[in-house]
Amino acid sequence: MTSSAIELRGVLKSFGNTSVIRYVNLTVVKCERHALIGPNGAGKTTLFNLISGYTKPTAGRILLKDEIVSGLRPYQINRRGLSRSFQVSNVFPNMSVWENIRCALLWATGHRYAFWKNIDNLTEVHERTAQILQDINLVSRRDVPAGLLAYAEQRTLEIGITIAGGADVILLDEPTAGMSRAETERAVALIRRLTEGRTLLIIEHDMSVVFGLADRISVLVYGQIIASGTPEEVRGNPKVKEAYLGEEAA
Amino acid sequence: MSELSKVAAAPRSVSSKKRRFYGSWIATALALLALPYIFSSGGSLTTLSLIGTSIIFSLSYNILLGQTGMLSFGHAVYYGLGGFATIHGMNLIAGSKLPVPLPLVPLIGGLTGLFFAAIFGWVPTRRSRTAFAMISLGLGELVASSSLILRSFFGGEAGISANRTKLLPVFDWNFGPQIQIYYLVAFWTFLAVVAMYALTRTPFGRMCNAVRDNPERVQFVGYDPHVIRFLAFCFAGFFAGIAGALTAINFEIANAAYLGAMQSSVVLMAAYIGGVRFFIGPIIGAIFVTYLLLALSDVTAVWQLYFGLFFIAVVMFTPGGITGLLMKHRPLVRAGTLFTVLRAYLVALVPTLTMIAGLILAIEIVAQHMLNAGEDPHTKAFGVHFNAASPLIWLLAAALVIGGFVVAHRTWRWVEKAWDEALIAAREKGFYT
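Treat the numbers as computed from the prediction; the structure is a model and nothing was measured. (Residues numbered from 1 in each chain as written. Chains lettered and ligands numbered in written order. Predicted model: local features only at pLDDT ≥ 70, side-chain atom pairs only at ≥ 80, totals over all residues.)

*Asks:* Any chance you could explain the overall build of chain A here in plain terms?
*Replies:* Counting secondary structure elements, chain A contains nine helices and ten strands. The C-alpha radius of gyration of chain A comes to 18 Å, within 12% of the 18 Å expected for a compact globule of 250 residues. With respect to the three principal axes, the spread of C-alpha positions in chain A is 55 × 40 × 40 Å. Counting across all 250 residues of chain A, residues that qualify as buried make up 46%. Of the contacts made within chain A by residues no fewer than 6 positions apart, 65% connect residues no fewer than 24 positions apart. (Helix = DSSP H or I, 4+ residues; strand = E, 2+ residues; numbered from the N terminus. Rg over C-alpha atoms; globule rule 2.2 N^0.38 Å. Buried ≥ 20, exposed ≤ 12 C-beta atoms within 10 Å, placed from the backbone. Contact = placed C-beta atoms within 7 Å.)

What follows is the structure in structure tokens.
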């Protein structure tokens, strides 16, 4: 039996009378790349918000590495090894690229709220920041304020911030949205490389990205998971064809 | 690996950077020691002492506003309580003959500021922006009005006083003469500036910036923004308390004005005018505003109006303050594209100054008629004599304002254009900051 990285049990999320997520059960196995697809408004980002602690479920339980995390604050969940990115770039706009990455790994390197250490003397922080900057190919933009980066660069920085802390469960919310073909290919290669040996749950609209990257796929339609399986299984599933893929083909 | 070490290496040579860094601090210390030899009159020593405390106070305010993104309307609470505690402390020390010399007394103010910041800070720092600003305003009013009610501690309208010379002397210094107070203030100012600068270079200091930029994202890299805001609030309270203590020592009195809304707004304006985005900004702001308030009140009766107009102008035209305005030119200087901008500035300067002169004249004429109605219309403002009743002076003011504006308006557009071109050229060369 493989252990799960993320497990949702009967998760319900309602805003007033409207249920956005309706009793979802979902298991993401450790070290797999799992894609979450579904039409607009299906509740994919809401599901991410629930898993990462941004909002609390109305009912049901969410487990991270077999521990209940529903009800915890985002930073508590992050400290347990889950990190997420955002659909709209959510960086630190007035800080340089270097500072952005560095802030993203301070907690993970154990420096917490330290106000007695000189940050420039922290060798490990320095080296890890440099390594990640090189990994995401933004070395030449090191001193540029993040708010002045080009769109695709900001998206890349967003991924960099997400993986910087070394979390072993990564949630990416449409990392390639709005990118050109070439940029998307580079981003996918980057994601593949950076999530090696980690668990990835990714929301993606681009089907070539989904089928190229994912080990397993879950389809969310109107707040319910209607199918979950390998890319082949999902592609062959008539319900999925009807609800989602067919719609797009038509 | 060689590639990686290249990334890790600082852009400039580390040792020369370090030398320059420590050199500038040593130069600052020497300048503080030398200042009384340049400005030796009693009045200027008092001004310098006021500037010193104002620097500490403004920098402490900027821990909130510039570093962590918290707009406080009640920062004088911690400054004032620090001042009151210091007066009580001095009386207690002198009364019981405790072996505590005056140079250690500012710590009483600092710890008092810290104590009350820790008590009052936990709730408002749960929120940022508007909610925080409103709660800080409420707390400020609460404490300011308590200070008039709780007479035994605050001494009512008159305040409370102490004698700073009754404490243990340090060698042959009893801190009676203003020069000794100047050195006491200079010492603490230097210490506090170094400490607050060091704070910005720590993991905590950097996370304060992150909270300022994007408190939401901070939660997803493992930090609780509330804790960061709270700690920042405590630090700000501590240094504000030290500033309040030094003011109390300087005047040997503490009264309700120390912790009122006026004091809270002056520190806000000083930090903002100096520029909150750079560490040095509030220092420049404190020097500038302290000096401006003293100088303006000498040359014109309506100095508050000018100060208000000046503040509005800064907010509207250069939200980065004086430092922000200067630092905006850094990429242009580095890329060598500053020249055309400077030329445009020089051209725009003449009509703009003309317009401002007309505006000042108009204000002074009106002020003369409002404040001294029925008296001799011959008056003097900014060292210039004029007859406020003469129609010619009215015409002159109108001509300067309108003529200045019409010409200046065109030159501003030219400045804008020159600026945009120079900035684009600088960015193309890779200079962003």
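Having put the structure on the table, let's press on.
*Asks:* Can you walk me through the overall build of chain B in this structure?
*Replies:* Broken down by element type, chain B carries 18 helices and four strands. Its C-alpha radius of gyration of 25 Å places chain B within 12% of the 22 Å reference for a compact globule of 433 residues. In terms of overall dimensions, chain B has C-alpha extents of about 80 × 70 × 45 Å along its principal axes. Within the span of chain B, comprising 433 residues, buried residues form 41% of the whole. Long-range pairs, those at least 24 residues apart, make up 79% of the contacts in chain B between residues at least 6 apart in sequence.

*Asks:* Got a minute to help me understand unusual backbone geometry in this structure?
*Replies:* A negative phi angle is the norm for most residues apart from glycine, just as the trans form is the norm for most peptide bonds. Residue and element names in this part refer to chain B. Not every positive phi belongs to a glycine, and lysine 97 is a case in point at roughly 55 degrees. Checked against the element boundaries, lysine 97 lands in the loop between α4 (76-96) and α5 (106-121). Of the residues examined, lysine 97 has 10 C-beta atoms within 10 Å and is grouped as exposed. One non-glycine residue with positive phi stands out, namely phenylalanine 171, at about 50 degrees. The exposure class assigned to phenylalanine 171 is exposed, which follows from the 6 C-beta atoms found within 10 Å.

*Asks:* Looking at this model, I keep getting lost on the interface of chain A and chain B. Mind explaining?
*Replies:* By a frequent convention, interface size equals the accessible area lost on bringing the separate parts together. Contact with chain A, which involves 42 residues of that partner, is made by 29 residues of chain B. At the level of elements, α2 (74-79), β6 (82-84), α3 (97-105) and α4 (123-135) of chain A are the ones that each hand at least two residues to the side of chain A that touches chain B. Broken down by class, the residue content of the side of chain A that touches chain B amounts to 22 nonpolar, eleven polar and nine charged. (Nonpolar A, V, L, I, M, F, W, Y, C, P; charged D, E, K, R; others polar.)

*Asks:* Please explain the nonpolar core as it appears in this structure.
*Replies:* Note on soluble globular proteins: their nonpolar side chains tend to be buried together. Of all hydrophobic cores here, the largest spans 167 residues; its most connected members are Met207, Ala236 and Phe239 of chain B. If we skip the residues at most four places from it in the chain, methionine 207 of chain B touches Cys103 and Leu106 of chain A together with Val218, Tyr223 and Ile228 of chain B. In this structure, Leu361, Ala388, Ala397 and Ala422 of chain B belong to the second largest nonpolar core, which totals 14 residues. (Core = buried A, V, L, I, M, F, W, Y, C linked by C-beta atoms within 7 Å.)

*Asks:* What is the right way to look at the packing of helix α5 (residues 151-164) of chain A against helix α6 (residues 181-194) of chain A in this model?
*Replies:* Think of two packed helices as two axes; the pair is described by the angle between the axes and how far apart they sit. Residue and element names in this part refer to chain A. Where α5 meets α6, the closest approach of the two axes is 11 Å, and the angle between their N-to-C directions is 10 degrees. Our classification of the angle between α5 and α6 gives roughly parallel. In this structure, α5 contributes Ala152, Arg155, Thr156, Ile159 and Ile163 to the contact, and α6 contributes Glu183, Ala187, Leu190, Ile191 and Leu194. Of the residues belonging to the contact of α5 with α6, the class tally is seven nonpolar, one polar and two charged. (Axes fitted to C-alpha atoms, helices over the stretch in contact; angles between N-to-C directions. Parallel < 35°, antiparallel > 145°, perpendicular 65-115°, else oblique.)

*Asks:* What is the right way to read the pairing of strand β2 (residues 18-29) of chain A from this model?
*Replies:* One face of the sheet, then the other: side chains in a regular strand alternate in exactly this way. Residues and elements named next belong to chain A. In this sheet, β2 lies alongside strand β1 (residues 4-15) in antiparallel orientation, the contact comprising eight bridges. Bridge pairing in β2 links lysine 13 to isoleucine 21. Hairpin connection between β1 and β2: a loop of two residues separates the two successive antiparallel strands, and glycine 16 in this loop has a positive phi of roughly 65 degrees. (Pairing = 2+ DSSP bridges.)

*Asks:* How do you make sense of the packing of α3 of chain A against α5 of chain A when you look at a structure like this?
*Replies:* Residue and element names in this part refer to chain A. Running from N to C, α3 and α5 point in directions that differ by 25 degrees, and their axes come no closer than 7 Å. Taken together, the axes of α3 and α5 lie roughly parallel to each other. Seen along the crossing, α3 lies across α5 with a hand that is right-handed. In this structure, α3 contributes Val97, Asn100, Ile101, Ala104 and Leu105 to the contact, and α5 contributes Leu157, Gly160, Ile161 and Ala164. (Left-handed = near helix turned anticlockwise from the far one by under 90°.)

*Asks:* Got a minute to help me understand the sheet that holds strand β3 (residues 33-37) of chain A in this structure?
*Replies:* Through backbone hydrogen bonds, the strands of a sheet pair up, either in parallel or in antiparallel fashion. Residue and element names in this part refer to chain A. Across the sheet, which stays open at both edges, the six strands sit in the order β6-β7-β8-β3-β9-β10 with mixed pairing between neighbours. Pairing within the sheet leaves two strands with one partner each, and these edge strands are β6 and β10 (224-229). Across this sheet, the average inter-strand angle for adjacent strands is 15 degrees, counted without regard to direction. Two strands pair when backbone bridges link them, and strand β7 (residues 169-173) and strand β8 (residues 199-203) are joined in this way by five bridges, in the parallel orientation.

*Asks:* Is there a simple way to explain the pairing of strand β4 (residues 384-387) of chain B in this structure?
*Replies:* Residue and element names in this part refer to chain B. Here four bridges tie strand β3 (residues 378-381) to β4, and the two strands are oriented antiparallel to one another. Residue pairing in the sheet places threonine 379 in a bridge with phenylalanine 386 of β4. Hairpin connection between β3 and β4: a loop of two residues separates the two successive antiparallel strands, and phenylalanine 382 in this loop has a positive phi of roughly 50 degrees.

*Asks:* Whenever I open this one, helix α18 (residues 391-428) of chain B confuses me. Can you help?
*Replies:* Because the α-helix completes a turn every 3.6 residues, residues three or four places apart line up on one side. Residue and element names in this part refer to chain B. Given a rise of 1.5 Å per residue, 38 residues ought to cover 56 Å, and the 55 Å separating the end C-alpha atoms of α18 matches this to within 8%. A maximum bend of about 25 degrees is found in α18 at alanine 408. Here the buried face of α18 lies against α16 (330-335) and α17 (338-371). Remark: glycine 430 follows α18 within two positions and exhibits a positive phi of approximately 90 degrees. (Expected span 1.5 Å × (residues − 1). Bend = angle between axes of the 7 residues up to and from the residue.)

*Asks:* Help me understand the confidence of the model for chain B in this model?
*Replies:* Residue and element names in this part refer to chain B. Of the residues in chain B, 97% have a pLDDT of 70 or more, and the chain-wide mean is 92. In the model, residues 1-11 has pLDDT below 50 throughout and makes twelve contacts with residues more than four positions away in sequence or in other chains. What the predictor reports for the complex is a pTM of 0.93 with an ipTM of 0.94. (pLDDT = per-residue confidence, 0-100.)

*Asks:* Help me understand the sheet that holds strand β5 (residues 67-68) of chain A in this model?
*Replies:* Residues and elements named next belong to chain A. In spatial order, the strands read β2-β1-β4-β5; together these four strands make up an open sheet with antiparallel pairing. Looking at the sheet topology across the chains shown, the edges are occupied by β2 and β5. With five bridges joining them, β1 and strand β4 (residues 59-64) adopt antiparallel strand pairing. The partner of glutamate 7 across the bridge, within β4, is leucine 63.

*Asks:* What's the story with the domain arrangement of chain B in this structure? I'm lost.
*Replies:* Residues and elements named next belong to chain B. Domain parsing of chain B yields domain 1 (22-317) and domain 2 (330-428). Between the C-alpha centres of domain 1 and domain 2 the distance comes to 34 Å. Each partner contributes residues to the interface: domain 1 has five residues there, and domain 2 has six residues. Here the residues of the side of domain 1 that touches domain 2 sort into four nonpolar, one polar and no charged. (Domains from an automatic or database assignment.)

*Asks:* Which parts of the structure should I look at to understand the environment of aspartate 135 of chain A?
*Replies:* All names here are of chain A. Mapped onto the fold, aspartate 135 is located in helix α4. The partly exposed category is assigned to aspartate 135, around which 18 C-beta atoms lie within 10 Å. As a C-alpha pair, aspartate 135 and asparagine 121 span 14 residues in sequence and 22 Å in three-dimensional space.

*Asks:* Can you help me understand α17 of chain B in this one?
*Replies:* Residue and element names in this part refer to chain B. In a regular helix each residue adds 1.5 Å, so 34 residues correspond to 50 Å; α17 covers 46 Å between its end C-alpha atoms and thus fits that length. The sharpest bend along α17 measures roughly 35 degrees and falls at leucine 349, with the proline proline 351 sitting one to four residues further on. Within α17 the residues assigned to the buried category are Ala344, Ala348, Pro351, Met355, Gly358, Leu361, Glu364, Ile365 and Gln368.

*Asks:* What's the story with the environment of arginine 198 of chain A in this structure? I'm lost.
*Replies:* Residue and element names in this part refer to chain A. As for its position among the elements, arginine 198 is in the loop between α6 and β8. Its 19 C-beta neighbours within 10 Å are what place arginine 198 among the partly exposed residues. Ignoring anything within four residues of it in the chain, the contact list for arginine 198 reads Cys31, Asp168, Val169 and Ile170.

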